[in-house]
Each structure stands twice: as structure tokens, then as C-alpha cells.
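Chain and residue survey
Below are the chains, spelled out letter by letter.
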Amino acid sequence: MGLGLLASRAMRPLKYSNSRVFIRSIVSKPELQSPEASSAAAATALEPDLPPRSPVGGARVHFPNPEDAIEVFVDGYPLKIPKGFTVLQACEVAGVDIPRFCYHSRLSIAGNCRMCLVEVEKSPKPVASCAMPALPGMKIKTDTPLAKKAREGVMEFLLMNHPLDCPICDQGGECDLQDQSMAFGSDRGRFTEMKRSVVDKNLGPLVKTVMTRSSVPHNFWLNRCVRFATEVAGVQDLGMLGRGSGEEIGTYVEKLMTSELSGNVIDICPVGALTSKPFAFKARNWELKGTETIDVTDAVGSNIRIDSRGPEVMRILPRLNEDINEEWISDKTRFCYDGLKRQRLNDPMIRGVDGRFKAVNWRDALAVVAEVMLQAKPEEIVGIAGRLSDAESMMALKDFLNRMGSNNVWCEGTGAQPNADLRSGYIMNTSISGLEKADCFLLVGTQPRVEAAMVNARIRKTVRANNAKVGYIGPATDLNYDHQHLGTGPKTLLEIAEGRHPFFSAISNAKNPVIIVGAGLFERKDKDAIFSTVEAIAKKGNVIRPDWNGLNVLLLNAAQAAALDLGLVPESSNSIESAKFVYLMGADDVDLEKLPNDAFVVYQGHHGDHGVYRANVILPASAFSEKEGTYENTEGCTQQTLPAVPTVGDARDDWKIIRALSEVAGMRLPYDTIGGIRSRIRTVAPNLLHVDEREPATLGPSLKPEIKSEMDLTPFGSAVENFYMTDSITRASKTMAQCSAMLLKK
Amino acid sequence: MAMKSALKSIRERGLGSFLRELKEEGFLRALLDGNLMQTKLHNRGATLVGVDKFGNKYYQKLDEQFGRHRWVEYAEKSRYNASQVPPEWHGWLHCMTDHTGDELLMLKPKRYGLEHRENLSGEGEEFIYHSKGHFLNPEQRDWSRYQPWEPSKKE
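Counting restarts for each chain: residues are numbered from 1 in the order of the written sequence. As a convention, the first chain written is A and the first ligand written is 1, with the rest following in written order. Totals for whole chains, interfaces and linings use all residues, but because this is a predicted model, local features are given only for residues with pLDDT of at least 70 and pairs of side-chain atoms are given and counted only at 80 or more. Calculation of side-chain values draws on the structure's entire complement of heavy atoms; hydrogens and water are dropped beforehand.

1. Considering the overall build of chain A
Only DSSP runs of H or I with at least four residues qualify as helices, and only runs of E with at least two residues qualify as strands; both kinds are numbered from the N terminus onward. Looking only at helices and strands, chain A features 21 helices and 28 strands. Residues classed as buried in chain A amount to 56% of the 746 residues present. Any pair of residues with heavy atoms lying within 4.5 Å of one another is described as a contacting pair. In chain A, the proportion of contacts linking residues at least 24 apart, taken out of those at least 6 apart, comes to 69%. Shrake-Rupley sampling with a 1.4 Å probe provides the accessible areas, and residues are treated as covered by the protein chains on show and by no other component. As displayed, chain A has an accessible area near 33,100 Å², and 53% of this comes from carbon and sulfur atoms. Under the scheme applied here, a residue whose accessible area is under 20% of the maximum for its type counts as buried, over 50% as exposed, and between as partly exposed, the area being computed with a 1.4 Å probe on protein chains only.

2. Regarding the overall build of chain B
Regarding its fold elements, chain B presents 7 helices and 3 strands. Each helix and strand of chain B, placed in order from N terminus to C terminus, yields the pattern α-α-α-α-β-β-β-α-α-α. For chain B, whose C-alpha radius of gyration is 23 Å, the value lies well above the compact-globule estimate of 15 Å for 155 residues. In terms of overall dimensions, chain B has C-alpha extents of about 80 × 35 × 25 Å along its principal axes. Values of the radius of gyration come from C-alpha atoms, whereas the globule rule sets the reference at 2.2 Å times the count of residues to the power 0.38.

3. Concerning helix 15 (residues 502-509) of chain A
Residue and element names in this part refer to chain A. Of all the positions in helix 15, only Phe-503, Phe-504, Ala-506 and Ile-507 are classed as buried. Across the axial projection of helix 15, the buried residues extend over an arc of 155 degrees, all falling on one side. Opposite its buried face, helix 15 presents the exposed residues Pro-502 and Asn-509, each directed more than 90 degrees away. As for helix 15, its buried residues are in contact with strand 17 (440-444), strand 18 (469-473), strand 19 (484-487), helix 14 (490-497), strand 20 (513-518) and helix 16 (527-540). As used here, the arc is the angular range of directions from the helix axis to the C-beta atoms.

4. Topic: the sheet that holds strand 10 (residues 289-294) of chain A
Residue and element names in this part refer to chain A. Only strands that DSSP links by at least two bridges are regarded as paired with each other. Within the open sheet, the 3 strands sit side by side as 10-11-12. Their pairing is antiparallel. Edge strands, defined here as strands with exactly one partner in the open sheet, are strand 10 and strand 12 (312-318). Neighbour to neighbour, the strand axes of the sheet diverge by 30 degrees on average, direction disregarded. Direction of pairing for strand 10 relative to strand 11 (residues 303-309): antiparallel, over a ladder of 6 bridges. By the bridge assignment, Thr-291 is partnered in strand 11 with Ile-306. To define axes, lines are fitted to C-alpha atoms, for helices over the stretch in contact only, and angles between the resulting N-to-C directions are given on a 0 to 180 degree scale.

5. Concerning helix 21 (residues 734-743) of chain A
Residues and elements named next belong to chain A. Buried within helix 21 we find Thr-735, Met-736, Cys-739, Ser-740 and Leu-743. Buried residues along helix 21 cover an arc of 130 degrees about the axis, so they all sit on one side. Where helix 21 is buried, its residues touch helix 9 (331-335) and helix 20 (728-732). Between a side-chain oxygen at the N-terminus of helix 21 and the backbone nitrogen of Thr-735 the separation is 3.3 Å; the capping residue is Ser-733. Here a polar contact is taken to be a pair of N or O atoms separated by no more than 3.5 Å, where protein atoms must pair a possible hydrogen donor with a possible acceptor and residues adjacent in sequence count only if both atoms sit in side chains.

6. Remarks on the pairing of strand 2 (residues 77-82) of chain A
All names here are of chain A. Pairing of strand 1 (residues 69-74) with strand 2, which is carried by 6 bridges, proceeds in the antiparallel orientation. Of the residues in strand 2, the one forming a bridge with Phe-73 is Pro-78. Count of turn residues in the strand 1/strand 2 antiparallel hairpin: 2 residues, of which Asp-75 carries a positive phi of about 50 degrees.

7. A word on the sheet that holds strand 2 of chain A
All names here are of chain A. Strand order across the open sheet formed by 5 strands is 2-1-5-3-4, with mixed pairing between neighbours. What marks the edges here is a single partner per strand, and that holds for strand 2 and strand 4 (127-128). For strand 3 (residues 117-120) and strand 4, the ladder comprises 2 bridges, and the chain directions are antiparallel. Looking at strand 4, one finds that Leu-117 is bridged to Ala-128. On the sheet, helix 5 (residues 145-160) packs against strand 3 and strand 5 (139-141) and is oriented at approximately 155 degrees with respect to strand 3.

8. As for the nonpolar core
Residues and elements named next belong to chain A. Residue types Ala, Val, Leu, Ile, Met, Phe, Trp, Tyr and Cys, when buried and joined through side-chain atoms within 4.5 Å, form a set referred to as a nonpolar core. Ranked by internal contacts, the top residues of the largest apolar core, which has 109 residues, are Phe-228, Phe-441, Val-455, Ile-459 and Ile-516. Ile-459 has contacts with Leu-435, Phe-441, Leu-443, Pro-448, Tyr-481 and Ile-516, leaving out every residue within four places of it along the chain. Counting 46 residues, the second largest nonpolar core, distinct from the first, contains Met-373, Ile-381, Met-395 and Ala-563.

9. Notes on the interface of chain A and chain B
Taken together, the 19 residues of chain A in the interface contact 9 residues of chain B. The quantity reported as buried area is the accessible area (1.4 Å probe) lost by two parts once they are put together, taken as the sum for both. Taken together, the two surfaces of chain A and chain B that pack against each other cover about 1,300 Å², and 53% of this comes from carbon and sulfur. Contact with chain B buries area across many residues of chain A, yet Lys-341, Gln-343 and Tyr-613 of chain A alone supply 33% of it, more than any other trio. Here a salt bridge means any side-chain nitrogen of Lys or Arg lying within 4 Å of a carboxyl oxygen belonging to Asp or Glu. Linking chain A to chain B there are 1 salt bridge. Two residues, Glu-312 of chain A and Arg-145 of chain B, come together in a salt bridge whose shortest N-O distance is 3.4 Å. Scanning the region where chain A abuts chain B turns up 7 residue pairs in polar contact (both at pLDDT 80 or more). Only Asp, Glu, Lys and Arg are considered charged, only Ala, Val, Leu, Ile, Met, Phe, Trp, Tyr, Cys and Pro nonpolar, and every remaining residue, Gly among them, polar. In terms of residue class, the side of chain A that touches chain B is built from 8 nonpolar, 5 polar and 6 charged.

10. Here we look at the environment of Ala-562 of chain A
For Ala-562 of chain A, the location among the structural elements is in helix 17 (residues 560-565). Apart from residues lying up to four places away in sequence, Ala-562 of chain A is in contact with Ala-391, Met-394, Glu-632 and Leu-688 of chain A.

11. What about the packing of helix 10 (residues 362-375) of chain A against helix 18 (residues 654-664) of chain A?
Residue and element names in this part refer to chain A. Where helix 10 contacts helix 18, the axes come no closer than 9 Å and their chain directions differ by 65 degrees. Considering only the axes of helix 10 and helix 18, their crossing is right-handed. Of the residues in helix 18, those in contact with Trp-362, Leu-366, Ala-367, Val-369 and Ala-370 of helix 10 are Ile-657, Ala-660, Leu-661 and Val-664. Split by residue class, the contact of helix 10 with helix 18 holds 9 nonpolar, no polar and no charged. Take the far helix as your reference; a near helix turned counterclockwise from it by less than a right angle gives a left-handed crossing, and one turned clockwise gives a right-handed crossing.

12. Looking at empty space enclosed by the protein
All names here are of chain A. Cavity: a set of points on a 1 Å grid over the protein atoms alone where a 1.4 Å probe fits but cannot get out. Pocket: an open set with protein on both sides within 12 Å along at least five of seven lines, its lining residues, like those of a cavity, having an atom within 4 Å of a point. Grid points are joined across faces, edges and corners, and a volume is the space filled by probe spheres set on the points. Within this structure, the stated rule accounts for 8 cavities of 30 Å³ or more. There is about 140 Å³ of room inside the largest cavity. Around the largest cavity sit 20 residues that line it, and Leu-388, Ser-389, Met-585, Gly-586 and His-606 are the ones nearest its centre. Contributions of two or more residues to the lining of the largest cavity are made by strand 25 (600-605) and helix 20.

13. Structural notes on a nonpolar patch on the surface
Residues and elements named next belong to chain B. The residues that make up patches have over 30% relative accessible area and no salt bridge, and they are joined within 9 Å when like-charged or within 5 Å when they are Val, Leu, Ile, Met, Phe, Trp or Tyr. On the surface, a cluster of nonpolar side chains totalling about 380 Å² of accessible area is made up of Leu-28, Leu-31 and Leu-32. Inspection of the secondary structure assignment puts Leu-28 in helix 3 (residues 27-30). Judged by its relative accessible area of 45%, Leu-28 falls in the partly exposed class.

14. Quick notes on the packing of aromatic side chains
Under the pairing criterion, centres of Phe, Tyr and Trp rings, with the six-membered ring standing for Trp, must be within 6.5 Å; the plane angle then separates stacked pairs below 30 degrees from edge-to-face pairs above 60, leaving the rest tilted. Considering all chains together, one arrives at 12 aromatic pairs over all chains under this definition. Between Phe-357 of chain A and Trp-149 of chain B the ring centres are 5.8 Å apart and the planes differ by 70 degrees, which places this aromatic pair in the edge-to-face class. Of this pair, Phe-357 of chain A sits in strand 14 (residues 357-359) while Trp-149 of chain B sits in the loop between helix 6 (101-104) and helix 7 (151-154), which puts the two residues in different chains. Residue Phe-357 of chain A is classed as buried on the basis of its relative accessible area, which comes to 9%. Each member of the aromatic cluster is reached from another via a ring pair, and the members are Phe-357 and Tyr-613 of chain A together with Trp-149 of chain B.

15. Here's the deal with the side chain of Thr-86 of chain A
Residue and element names in this part refer to chain A. Checked against the element boundaries, Thr-86 lands in the loop between strand 2 and helix 4 (87-93). Taking relative accessible area as the criterion, Thr-86 reaches 9% and is therefore assigned buried. Setting aside residues no more than four positions away along its own chain, Thr-86 makes contact with Ile-109, Ser-129, Cys-130, Met-132, Pro-133 and Ala-134.

16. Considerations on the packing of helix 14 of chain A against helix 16 of chain A
Residues and elements named next belong to chain A. Two elements in contact, helix 14 and helix 16, have axes separated by 9 Å at closest approach and are oriented at 30 degrees. With respect to each other, helix 14 and helix 16 are oriented roughly parallel. Crossing of helix 14 over helix 16 shows left-handed handedness. In this structure, helix 14 uses Leu-493, Leu-494, Ile-496 and Ala-497 to contact helix 16, whose residues at the interface are Ile-530, Thr-533, Val-534, Ile-537 and Lys-540. Residues belonging to the contact of helix 14 with helix 16 are distributed by class as follows: 7 nonpolar, 1 polar and 1 charged. Roughly parallel means an angle under 35 degrees; roughly antiparallel means over 145; roughly perpendicular covers 65 to 115; every other angle is labelled oblique.

17. Digging into the confidence of the model for chain A
Residues and elements named next belong to chain A. Residue-level confidence of the predictor, termed pLDDT, takes values from 0 up to 100. A residue-level look at chain A finds 89% of positions with pLDDT of 70 or above and a mean pLDDT of 86. Mean pLDDT per element in chain A: helix 3 (residues 35-45) is the minimum at 46, and strand 26 (residues 617-620) is the maximum at 96. Per-residue pLDDT stays below 50 along residues 27-32; that stretch engages in 4 contacts with residues further than four places along the chain or on separate chains. Here residues 37-48 is a poorly scored stretch, pLDDT under 50, and it has 6 contacts once near neighbours within four places are set aside; other chains count.

If you want it as C-alpha cells, here you go:
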């Protein structure tokens, strides 16, 4: 003990003046020494005097109608649960975590692993709690010798044919089978025969299979992956073949899994049978540092956890968010991370007279940019934010260019004349989780399967749950649920608006109709006319009511919603043609064909992608995994990314570069910290500071002025050609390139 | 005995080639190198069990004291060390097995079995083993975890 500590002890006043503290008396209880008295004491202790347990994972019980509540007893605790709960759910509410393998709360009940056996009073045998509905007055016992023995026996059966692969298995350390055999299994096996082995399947470039690991005896097959594929992902690729011990999982014709959600089978597989192929043998899960952040590869803003080791992103996993992505993420989100390690810009570069880039230091690069910028006329300065930009940097870019006198700032993908005035005109008003209440969908020029896979999964869930009708207008596509292909273009839309189309009656008869308009239509010249037609349908079909707003726009990019909230709207629609100075902040998909040849282009971004090839100066910036940034998703929910790994090379955060440039140019922006920039955002779009909250639009489209323009009758195009490659990160990714080469080839 | 066989070989092959052989076999060097001399003396009356591909000779003499009954005469007479024994002979030499190196060579994996190399550390900087991130490792691994964009690649 150090001197200082001693001194502080001596100086601290005694808490208890009572000398009882210092003299610990040892008291024996003579009444407990006699057998009769102690049995009497035990009898009184049978009453539940343990502290009440809290539900597993904070599970909450929702009573649809209170009179349906039934009372059951879990380990002696009385418990009120709604009718229709299974025994397992009742135990979860009571705070008892029942071991399980095949049961998954979001999948249908299979009841074939038998791990969840519990004892129920007056039942001759242990019951599988996941498949047994709780009945009134049921006395469930989860901790009796019978239940323990049953679990141990099941565990032994499950491990019978399981190979001893743990040291070389990627699931090792996060494996349900490992954990539960530690907790509930026997310490020795009695199995001496040969283990069964199964030939591995090729499920494509993302999912690695080690089928032997999934072999469990007879048909006690966990088959979570089969249920996931058919129920959530909507592909009929995985199925079971054979009978008895010859039973195995398979893609009937060794077909590649063509789902865009196939990566999720890795997460739900409780053993190591399905693991991530790009992550195979790369790291152990206990070496990884998890950073809870959000995804920016599409406009859904899926909640993810970036697992990193040192400066390297090792993998991306989903995080539970019931309102956005539930617990799934798309393959693009999950496997794009190797793009973060390739084609990175790590030094500021200036293109010399010979057309080659030369690495320079920041001081020189910023000096050159500022000099050129100050020479350009204010109206010739153009700034374009990229599809991955965060709100802070877009705010800084807009402020900076406004100070330079230019008002030509926009975000790519929002079109020439975006509607940024009415927030209801560009966000998903129903909210993603609200789609579950719908019973009729009209998809206008959007293919949610490739534009926002998580929204598509939500629609599919709704279609499965309440047989919602789906009408689709756009180029022929494969949505993985039943839908009517109504037409390909505005003609069909017009027919519905005039009530001539049979689908109009489906909308008007529906209780909660939903119209989803794709953001790909923003690029069309006749977008105002299309939107007013859609609004006409919404008006006639009673889509917008005080209690229900079913008119939605499905955005494409992570930056779009925040850009429109911040008012990144170009002053004139043909500013590119007359531009002399173009500031591309990560914008790679802007059409620079019409740009005059003498225009000076600055590319600020993290990847050497399309935008770099026309650039004169490159300023390296940090990617979403390396910075703290605010993003707003398509339903208007603000979320923030957190830095998981350090930036590469000499790169800096986007807003810091613009802030530094403004100082070099002599137009100093008034904020130095991310807090300062956020208080500036507060004055423009306060909803961007309410993190993890969905801010619904306050005003409906009824305020919009009437637009009297004709629709162009060319059919709608598809906004996303290649699901796997939509932005600079995914285009740099080798895994995504493999996917698009193997899965999109028809 | 030894004299007799020496005289016989002089008679058969001439004095010049006998002397050359004497030198190649290391008898001259053995005059200065006691270790080698001891091996040479030891070799008398021992059975030559085999010769590996480097020319090392493996001897056995069962009436020697156990532990001294198997030995190697290195092909290299001046700069010999134990790492010159290939792995297939190592086991026989150290009495781990009674299978000779020639027999064990059959078990060598065809596809990924590496050729034996003696340990050359001490012979110069380039032969010293350096771990993969070591500054002096000629194949020094690049520890940067990302691949930068290279402007000249696609220009």
C-alpha cells in the first residue's frame, strides 16, 4: 500500500462510529443444528424468496387483448403471459434462458433439436418447450434433475456426429454448440463408432460450408438455414435431401445461393457448418474489436458492428434494430469490407502538366486548390457531394461554397431539380417497420430487392404474414415474393390514377395501402409530373390519412436524405456545362461529359474510382469506417457512424479538409470541432441531431402546388444495375466483384 | 590391415590417384582435425549403412558401446555441422528408428515436401533467419493493411 493511500485512509472519517464494524462476531444458530428445526426452516424457504428475475434480453410482453392473459408458473414464479405463447417464450419472460438450437424467434418453429426440453408437472415426459404452447396453470420446471438429464442426453446425441473441429473452426469462440456443451453437456462421450461425414457444398463466393459439422443424428436437423432461406430470404435453394442418417442439407442442383441476404445464414447457423468465406481463417473472434456503427452502402442505414483487428476491418456483422434491419443485413453490407482496403487514396496528389499524378503534401495541395478557386467566378464554382457523404461534411461543403459566392451544391443521385422543400416528398413516410401493417403495395419504378434489400425483406415479411398484394411498375424483375407486374412505365401509372386499371380498386379497398416510389425517378426530366400522378393516386386511394401515411420514396444512397434535409439543391440545372471549378466530395457517378475541358476538378474521397480520372487534384479523405459522421436513412432516422479503424495514409476527415481549405482560401468557416459543425446543422436541420430517432415529416404533399406537366411515356429504368457494386467501396471490393461475376451471370 | 589395403589400392590405381583420394577423403585434414581423425579411426571395421544425397556416410558398429554405435561422416570435411544431416537420416542416427534414411525417403511427401537445406546462419547476413517483419528480412513483409491507389496504373 502506497503512502498516499495510507494517508488518505487515515484522513478519511470513519463511516461507522459503531464498534460493531471492527469486531465481527461469529454467531451459530442453535435452532438449525437440530434436524427437525432445520427441515421446518427449509419448508418455509420453499416459498419463492429469491429476487425476481428479469426477462431474458429485456423481453417485453405485449398483450393484444388483456382478457387473453393466462397464468403459468415457471420454477414456482407465477407469471402472466398472453395466450398463444410457447413454453419457451414464457420461460424467457420469466428470466430463464432455455438452451436451444433449432428455435429462432424470427423463423418458424421446427422443434427438432430437442435441446429445449423442460419438465412440466403432470406431463409424463419432458416437453420440447419451443413447440409447446403454454396452457393456463401450467407448472414449468426448468431446473430439475429430469430437465438437466434430458439436456445432457440431447447434447450427447448432437455431438455424436459432430467432428472435433473446434480448433480449426471459424465459429470457435462464438459457437452455440461449444457454449451449450460446456454449460449443459456431459464431460465425456460414449460414442466409439465412426462419425458420419458429408461432402461440402459450394454455396457461392460468400458462404463456406463444412457440412460434416452440421450432421446431427437422424433428422434432428437444425435446419435454421433452410427456414431462413425459404422464409426470410425467399429463395428455394436450400433443402433437405435423403432420409435418416443419410439426410443432408443441399442446394438441389448445387445451385449458388442467389439471395442478396445469403450472408445471414452465417449468423443464424448455431454450429460452424456455414461460415463466412472471405473471413475464413482470417481471425479469431476474441481478437476483434467491435465498433457499433451503421452501414452506408444503401439508404437503409442498417445497424452494423464493424469487427476490426488493429488497423484492419476484419468483418461486418448486423446489430439488432427492430425498426430498420431487424437482425439481418444484406450481402453488400456484410462483405463489402475488403473494398475498404483496396484502391485507397492515401496522399494528396496534383496532376502535373504531363497528365500524371504526383504526391504532394497537404499544404501545397490546399494552396493550389484555393488559388484556382479564388480565380474562378462564383457562379462557375460547383460542388457535388458523393453518395457516401455524411451530413457534417455536406454542411461544411455547402457553407464553404456559399461563402465563395456559389450556390451550386448538390448531392449526386438527387437529380437536377430535387424537391427539398417538403420532407414528406423524399422520405419513407410509413417507416420501414410500419410497412408490416400494410396490406397492399404499389412499387413505382423501384426494385427494392436491389435498391434496399432490407426494405425488400420487410415487404416480403408482410406479404407472407398478411397476404398483402404487391403491384409493381417498372422493368421486369424478380422480386422474391408474389407480385403483379402491372406495366413498365408512366402509362400504367396514368391508368391507375384515372381509375381505369384493376389495381386501383386493390389500392382503394385496402386498409393500409402503401405506395413506394423509387429515387431512380429523381433523374427523370418528368419527375414532377410522375410525382403529382402518384400523389393523385394517393389522394384517390385514400393512402394518406391522419393515422396512416402510405406514400413513400425509397432513396438509393446513404447521403441523399441528409443532403435534401440540409438543402443541397443546385441553383441551376445546367451548372456543370459552365463550370470552371468542380469540387467532387466523393462523387463518382456524376456525368462529367459536358464539363468544359479547361475546368479544374478537385476530387476529395477515399477510393481511386471513377471520379479520380478527371480530377486535377486529389485530396484523400476517410471512409465511413474511419470517421464519425451523421447519416439519415430513407425513413428519416438519423444515425451516426463511429470510427472503427484509423484512417489510411495521410487521409483526413471530409469536413476537416473543407475547413482547412476554407482557411487557406481566406473564407474561414466558423467551426473547429465536430460539435461546432453540429450546432451549425442544428440551425439548418435540427432533426439530424436527434440520433437514433425517426423524425416523421410534418407536412403532407397536399401543400404542393399543382403541376401541370405531361409525363414522358418512356418506361422506367432500373436504378441499380448491379446490386453488388453501387459505390466506390463496393466497386473496389474483390468479394463483390466475384459475386457480381458469379451470381449476376444468367 | 589398413596398410595392406592401402598398398593394394596404390598398386591398382597408382600413387597419384591414391594421394588425391587420401586428400578428398579428408585424411590430410584429419591430421589437424582431431574430431575427423577420431571418426576415421572409428570407421575401421564399421558397416556403412548408407550414403545420403549429400554424400554423408552413415556407419554402424554394433559391438561399440550403445550410443556410440551409429555415427555420420560428413561429406563436407572442413565445415561440417549437424544440420547437414537430412531429416530422413536424423531418426536413424539418433536411434529414434531402425529404418534407414533410404527407407524413410519413401515417406517424403511428393507435393509439398521441401528439399533439406543446412542451416547457414553464421555464414553471413543473408543466411541468418529473420522473422517475417524483421528489418533485415530480405522478403520483409509489408505491414500496411491497405493497398493504395496507384495513379500510373490506369493512366
